[in-house]
Amino acid sequence: MKISVFGLGYVGCVSAACLGEQGHEVVGVDVNPVKVDLVRAGKAPVVEERIGDLTARVVASGALRATADVAAAITGSDVSLICVGTPSEPNGSLSTAYLERVTEQIGEALAGHDRRHTVVFRSTMLPGTCLDLLVPILEKASGRTAGVDFGVAVNPEFLREGSSVRDFFDPPKTVIGELDEASGDVVAALYAGLPGAVFRVPIPVAEMTKYADNAFHGLKIGFANELGAVCRALGLDSHRVMDVFLADRKLNISPAYLRPGFAFGGSCLPKDLRGLVYAAQRADVSVPILAHVLPSNEEHLRRAFELVARTGKRRVGLFGLSFKPGTDDLRESPLVELAERLLGKGYHLKIHDANVSLSRLLGANREYIESRLPHLGQLLAASVEEVLEHAEVCLVGTADPAVLGALPHGGDQVIVDLVRLPDADRRRTEEGYVGLAW
């Protein structure tokens, strides 16, 4: 393929050289004449493992050249990769100045283009930037229609500085946000034969994936550092602790707990987090991430209450009460906490949980619920239908098939979904359905 790459920093330089190595005909474009001259001389504008030799090789073979002429690059290529910077403004917002400038230039060049060209954004940008800002600039500058006269896609990069070339050829995944199928096909062809899963998704989803990755990477680093500080204060070898932690691939290093849902609870997580933060405080170790996990969980629970409050309705049915499906353990269940708040604010509540029977609750479990919901026996309903007959608002905190099969579609009842129902995608188009985090 004939490819133009705009921006010859880390991402652009590596992308251009690696695509040239794969046999594509690539032209790098940059406003900085020093970078252009370096590439023309077969030298990489950045210092990076393998990039120097690779750039020299693909330039010598004719697979990669460089120019400052935007119009010539567009005329001589079928697809453009936009890799310009999106730095932070002083207030933390994203600067799109470079993106807007190059997008307008590309749009002007497309005005005289007589064949379909696909514009692919590799730059990191917040969801909505492409469709709400950049596509209108392209259409206005070109006088043409996106998805008809030219293609548009978002293709975030997952290249680590220091190992970018290696990461390009062995990516963890390839994400393609496509305006239309034809645009996605062009991007998919660029990476044909490379390992890793390929995700073809709506453009805003692709924009968000880079933020999800980097936020989680930062969270992991902060978590490890805080835990290390606590271990040191307690006289422990933090690396030996983390070796054990990392060995668990079922729960710790896995997809477990990474699906948005309701707040967590139970007899372990809240108690252990409180205990760890207390130990850190006693050792005079500041752990702001760990200290704010429970407040964050509390905020998520508050969001659920607010969804009910916004309806203006007073009769509420709650499906599910235990902290984990298939059990009757009510200790520190967020659903118990939610029920308590609703009662405290004067809502008329009916609850159904097939696994919870007041007569079967024993020991600490019974003591806990008697202290939090002393009138639980009056609130529990024997059937799903009894709750549905009572409720103007149905709070769904369980995936019990009996509940799922009985929930209404549309109508006057509001469905507040705390678990992401199996048919949530379809329900989102129905009046009265509200998802907690989706």
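Criteria and cut-off values
Residues numbered from 1 in each chain as written. Predicted model: local features only at pLDDT ≥ 70, side-chain atom pairs only at ≥ 80, totals over all residues. Heavy atoms only, no water. UniProt positions renumbered as here; feature names shortened; annotations may be inferred. Axes fitted to C-alpha atoms, helices over the stretch in contact; angles between N-to-C directions. Helix = DSSP H or I, 4+ residues; strand = E, 2+ residues; numbered from the N terminus. Parallel < 35°, antiparallel > 145°, perpendicular 65-115°, else oblique. Left-handed = near helix turned anticlockwise from the far one by under 90°. Contact = heavy atoms within 4.5 Å. 1 Å grid on protein atoms, 1.4 Å probe; cavity = no way out; pocket = protein on both sides within 12 Å on 5 of 7 lines; lining within 4 Å. Points joined across faces, edges and corners; volume = space filled by probe spheres on them. Nonpolar A, V, L, I, M, F, W, Y, C, P; charged D, E, K, R; others polar. Buried < 20%, exposed > 50% of the residue type's maximum accessible area, 1.4 Å probe, protein only. Polar contact = N/O pair within 3.5 Å; in protein donor to acceptor, adjacent residues only side chain to side chain. Core = buried A, V, L, I, M, F, W, Y, C linked by side-chain atoms within 4.5 Å. Phe/Tyr/Trp six-rings, centres within 6.5 Å; stacked < 30°, edge-to-face > 60°. Lys NZ or Arg CZ within 6 Å of the ring centre and 35° of its normal. Pairing = 2+ DSSP bridges.

In the nomenclature of an unreviewed UniProt entry, the chain is known as GDP-mannose 6-dehydrogenase of Prauserella shujinwangii. Under the UniProt heading Pathway (unreviewed entry), the note attached to the chain is "Glycan biosynthesis; alginate biosynthesis." You can read under Sequence similarities (unreviewed entry) in the UniProt record for the chain the words "Belongs to the UDP-glucose/GDP-mannose dehydrogenase family."

(A) Representation of the packing of helix H1 (residues 10–21) against helix H3 (residues 51–61) within the structure. Contact pair H1 / H3: the axes reach a minimum separation of 9 Å and the direction vectors enclose 55°. The angle between the axes of H1 and H3 places the two elements in the oblique class. Relative to H3, the crossing made by H1 is left-handed. On H3, the residues touching Cys-13, Val-14, Ala-17, Cys-18, Gly-20 and Glu-21 of H1 are Ile-51, Leu-54, Thr-55, Arg-57 and Val-58.

(B) Quick look at the layout of surface pockets. Its volume calculated, the second largest pocket comes out at about 220 Å³. Lining the second largest pocket are 14 residues, and of these Phe-264, Asn-297, Glu-298, Leu-301 and Glu-332 lie nearest its centre. Counting only elements with at least two residues in the lining of the second largest pocket, the list comes to helix H11 (269–282), helix H13 (293–309), helix H14 (334–344) and helix H15 (363–372). Residues that form the lining of the second largest pocket fall into these classes: six nonpolar, three polar and five charged.

(C) A look at the UniProt feature "binding site: NAD(+)" (unreviewed entry) in the chain. In this numbering, the UniProt entry assigns the feature "binding site: NAD(+)" (unreviewed entry) to Tyr-10, Val-11, Asp-30, Lys-35, Thr-86, Thr-124, Lys-271 and Arg-331. The greatest C-alpha distance among the annotated residues, which extend across 322 residues, is 61.9 Å, indicating that they are dispersed rather than converging on a single site. Relative to the helices and strands, Asp-30 is located in the loop between strand E2 (25–29) and helix H2 (33–40). On the basis of relative accessible area, Asp-30 is assigned to the buried category, the value being 10%. Residue contacts for Asp-30: discarding those within four places in its chain leaves Gly-7, Leu-8, Lys-35, Val-36, Thr-67 and Ala-68. Among the polar contacts made by the side chain of Asp-30, one reaches the main-chain amide nitrogen of Asn-32 at a distance of 2.8 Å.

(D) Broad picture of the UniProt feature "binding site: GDP-alpha-D-mannuronate" (unreviewed entry) in the chain. Within this structure's numbering, the places UniProt gives as "binding site: GDP-alpha-D-mannuronate" (unreviewed entry) are Glu-161, Lys-210, Asn-214, His-217, Asn-225, Tyr-257, Arg-259, Phe-262, Gly-265 and Lys-324. Separation in sequence by 164 residues is matched in space for these annotated residues, since their most distant C-alpha atoms are 41.6 Å apart. Residues from the annotated list that form part of the lining of the second largest pocket: Gly-265. Position of Glu-161 among the secondary structure elements: in the loop between strand E6 (151–154) and helix H7 (164–169). Residue contacts for Glu-161: discarding those within four places in its chain leaves Tyr-10 and Glu-48. The topology assignment puts Lys-210 in helix H9 (residues 203–233).

(E) The arrangement of the nonpolar core in detail. In this structure, Phe-262, Leu-338, Leu-342, Ile-351, Leu-376, Leu-395 and Leu-418 are the most contacted members of the largest nonpolar core, which totals 48 residues. In this view, Leu-376 contacts Leu-321, Leu-330, Ile-351, Leu-358, Leu-361 and Ile-369; residues no more than four positions away in its chain are not counted. Core analysis: the next-biggest nonpolar cluster, separate from the first, contains 35 residues, Cys-13, Val-14, Leu-19 and Val-59 among them.

(F) Molecular detail of the packing of aromatic side chains. All told, the structure shown has four aromatic pairs when counted by the stated rule. With centroids separated by 6.0 Å and ring planes inclined at 55°, the aromatic side chains of Phe-168 and Tyr-191 adopt a geometry described as tilted. Of this pair, Phe-168 sits in helix H7 while Tyr-191 sits in the loop between helix H8 (181–190) and strand E8 (197–201), placing them 23 residues apart in sequence. The class for Tyr-191 is buried, based on a relative accessible area of 10%. With a centroid separation of 5.8 Å and an interplanar angle of 45°, the aromatic rings of Phe-223 and Phe-245 are classed as tilted. Residue Phe-223 is located in helix H9, and its partner Phe-245 is located in helix H10 (residues 238–247); the two are separated by 22 residues in the primary sequence. For Phe-245, a relative accessible area of 26% puts it in the partly exposed group. An aromatic cluster of three or more residues is present, and its members are Phe-168, Phe-169 and Tyr-191. Over the ring of Phe-158 we find Lys-173, and its NZ or CZ is 4.4 Å from the ring centre. Positioned above the aromatic ring of Tyr-347, the side-chain terminus of Arg-314 is 4.0 Å from the ring centre.

(G) Representation of the sheet that holds strand E3 (residues 64–67) in the model. On the basis of which strands lie adjacent, the open sheet formed by eight strands has the order E3-E2-E1-E4-E5-E6-E7-E8 and mixed pairing. Taken across any chain shown, the strands that pair with only one partner, and hence form the sheet edges, are E3 and E8. Across the sheet, the axes of successive neighbouring strands diverge by a mean angle of 25°, strand direction being ignored. Here strand E7 (residues 173–178) runs beside E8; their pairing, made up of five bridges, is parallel. If you follow Thr-174 over to E8, its bridge partner there is Val-198. Packed on one face of the sheet, H8 meets strand E1 (2–6), strand E4 (79–82), strand E5 (118–121), E6, E7 and E8 and runs near 155° to E7.

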